[in-house]
Amino acid sequence: MGSTLILRLAGPLQNWSTDSRFEHRRAENFPTKSGIIGMIANAMGRKRDDDISDLQKIKISVRIDQPGVFLEDFQISKPQEKKDPFVSRRWYLSDAVFLCAIECEDQSLLKKIEAAIKNPKRPLYLGRRSCPPDFPLLYGRYDTDALSALRKIAWTGRGTMPNSLSLYSEGNKGDIIRKRMDQPVSFDFHHRKYRMGEMTLESICLEPYHSQSEMHFEASIDYFDKLPEYKET
């Protein structure tokens, strides 16, 4: 049996999108596979035009612990060319919390992904550079499949746990099929290419445990212990 890598994606703002164009920058209600692969590639220090065929092998599943709320932001942009400025509408998810399970038949690749997320080559963000994450991103590694792990892990949201949670997954039978252009082939600015992907949806119920597991609490302590000591100048 292979293992599954779990990321906790939470922060003040998130933006995961599959169809943002020009003045309209929409946001999906849960993380995209292209966004997760982009985050991993960034953590590994890859450039936009680097090959990502190995990362295409991963499968993701996402549990929505806290759906958050959509916020609309208006920004005035001025192109470098001598053109009139224009207003762009950008959507974000506020105060959302997700658990993202990453599984892959190639366990050596999964170990490389884990190492990169632990010690990223560049700063990581939740969809857009303006969306920094809570830390640590790495929630843990589980010796089971993604769906089994997400059905067992305690709820990680804030406040009162809902009666049921939405769980999106790749390649599994579910209640609803969600299709979107979310299988990245290339991130190259000049040759960006995506394929259609499918996600299935099911509703799950968890045991009413505490809001965050001891593993994530200990990981948080470990992360902050490793930060450079602050010295007054």
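A short tour of the structure in this document, coming up.

The rules behind the values
- Residues numbered from 1 in each chain as written.
- Predicted model: local features only at pLDDT ≥ 70, side-chain atom pairs only at ≥ 80, totals over all residues.
- Heavy atoms only, no water.
- Helix = DSSP H or I, 4+ residues; strand = E, 2+ residues; numbered from the N terminus.
- Buried < 20%, exposed > 50% of the residue type's maximum accessible area, 1.4 Å probe, protein only.
- Contact = heavy atoms within 4.5 Å.
- Areas by Shrake-Rupley, 256 points an atom, 1.4 Å probe, with all protein chains shown as cover.
- Pairing = 2+ DSSP bridges.
- Salt bridge = Lys/Arg side-chain N within 4 Å of Asp/Glu carboxyl O.
- 1 Å grid on protein atoms, 1.4 Å probe; cavity = no way out; pocket = protein on both sides within 12 Å on 5 of 7 lines; lining within 4 Å.
- Points joined across faces, edges and corners; volume = space filled by probe spheres on them.

1. Brief notes about the overall build of the chain
Link 1 in the chain: Within the chain one finds 4 helices and 11 strands.
Link 2 in the chain: With 233 residues in all, the chain has 44% of them scored as buried.
Link 3 in the chain: Within the chain, contacts between residues at least 6 apart in sequence are counted, and of these 75% link residues at least 24 apart.
Link 4 in the chain: Carbon together with sulfur atoms contributes 51% to the accessible area of the chain, which is approximately 13,700 Å² in total.

2. Overview of the pairing of strand β1 (residues 4-10)
Link 1 in the chain: Judged by how many residues are buried, β1 sits mostly within the fold: 7 of 7 residues are covered.
Link 2 in the chain: Burial of β1 is two-sided: the residues Thr4, Ile6, Arg8 and Ala10 facing one way and the residues Leu5, Leu7 and Leu9 facing the other way are all buried.
Link 3 in the chain: Where β1 meets strand β7 (residues 97-103), 7 bridges bridge the pair, whose relative direction is antiparallel. Residue pairing in the sheet places Leu9 in a bridge with Phe98 of β7.

3. Digging into the pattern of salt bridges
Opposite charge on two side chains allows them to pair when their charged atoms are near.
Link 1 in the chain: Within this structure, the stated rule accounts for 11 salt bridges.
Link 2 in the chain: Here Arg151 ties to Glu202 by a salt bridge, and the two come within 3.1 Å at their closest N and O atoms. Taken together, the residues Arg151 in helix α3 (residues 146-152) and Glu202 in strand β11 (residues 193-204) connect sequence positions 51 residues apart.
Link 3 in the chain: Residue Arg180 is joined to Asp182 by a salt bridge in which the shortest nitrogen-to-oxygen separation is 3.4 Å. Like Asp182, Arg180 is buried.
Link 4 in the chain: Through salt bridges with shared partners, a single network forms among Glu28, Arg180 and Asp182.

4. Some thoughts on empty space enclosed by the protein
Link 1 in the chain: Summed over all chains, the structure comprises 1 cavity of 30 Å³ or more.
Link 2 in the chain: Volume-wise, the largest cavity comes out at about 40 Å³.
Link 3 in the chain: Looking at the largest cavity, the residues that line it are Lys33, Glu170, Arg180, Asp182, Gln183, Gly197, Glu198 and Met199.
Link 4 in the chain: Elements with a contribution of two residues or more to the lining of the largest cavity: β10 (176-186) and β11.

5. Here we look at unusual backbone geometry
Residues other than glycine predominantly adopt negative phi, and peptide bonds predominantly adopt the trans conformation.
Link 1 in the chain: A positive phi angle, near 60°, is found at Asp95, a position not held by glycine.
Link 2 in the chain: With respect to the helices, strands and loops of the structure, Asp95 is situated in the loop between β6 (86-94) and β7.
Link 3 in the chain: With relative accessibility at 43%, the residue Asp95 sits in the partly exposed group.

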